[in-house]
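Each chain, written out:
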Amino acid sequence: MIEECDATEQPCTLDDVAGAQEAFIASTVREVMPIAAVDEIALPSAPGPVTLDAGERLARRIERELASSV
């Protein structure tokens with residue numbers, strides 16, 4: 001995900017979450033999954049455009065890697 005979306009990994013505080021429009025988690029099992037709330041902090045866009053784009057990019061990457069392994 002970091003490579004595909006040119007993202008960076010960094011610590012995130014609850015103040016960061018409170019100022020966010022959207023957030024997602026990414027893993028090999030669930031791929032890209034939007035986060036609607038953290039504790040009592042609701043995120044207004046779940047899933048938002050960045051989350052949807054990340055999901056599409058990851059899906060294309062998985063397809064490419066599966067096609068190249070055949």
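Here, the structure is the one placed above.
Just so we're clear, the structure is a prediction, and the values are computed from it rather than from any experiment. (Residues numbered from 1 in each chain as written. Predicted model: local features only at pLDDT ≥ 70, side-chain atom pairs only at ≥ 80, totals over all residues. Heavy atoms only, no water.)

Draft legend 1. Representation of unusual backbone geometry in the model. Cis geometry marks the peptide bond from alanine 46 to proline 47, where omega comes out at -5°. Locating proline 47 in the fold gives a position in the loop between β4 (41-42) and α3 (49-68). For glutamate 31, which is not glycine, the phi dihedral falls at a positive 55°. On the basis of relative accessible area, glutamate 31 is assigned to the partly exposed category, the value being 36%. Of note, the phi angle at aspartate 39 is positive, near 55°, even though the residue is not glycine. When you line up the elements, aspartate 39 lands in the loop between β3 (37-38) and β4. (Helix = DSSP H or I, 4+ residues; strand = E, 2+ residues; numbered from the N terminus. Buried < 20%, exposed > 50% of the residue type's maximum accessible area, 1.4 Å probe, protein only.)

Draft legend 2. The pattern of salt bridges, seen in detail. Under the counting rule described, the total for this entry stands at five salt bridges. Between arginine 61 and glutamate 4 there is a salt bridge, and its shortest N-O distance comes to 2.9 Å. Taken as a pair, arginine 61 in helix α3 and glutamate 4 in helix α1 (residues 2-5) lie far apart in primary sequence, 57 residues in all. Taking the relative accessible area as the measure of exposure, arginine 61 reaches 21% and is therefore partly exposed. One salt bridge connects glutamate 4 with arginine 64, and the closest N-O pair in it is separated by 3.1 Å. In this pair, glutamate 4 is assigned in helix α1 and arginine 64 in helix α3, connecting sequence segments 60 residues apart. Overall, the relative accessible area of 18% leaves glutamate 4 in the buried class. A residue is classified by how much of its surface remains accessible, and arginine 64, at 44% relative accessible area, is partly exposed. In this structure, a network of salt bridges that share partners links the residues Glu3, Glu4, Arg61, Arg64 and Glu65. (Salt bridge = Lys/Arg side-chain N within 4 Å of Asp/Glu carboxyl O.)

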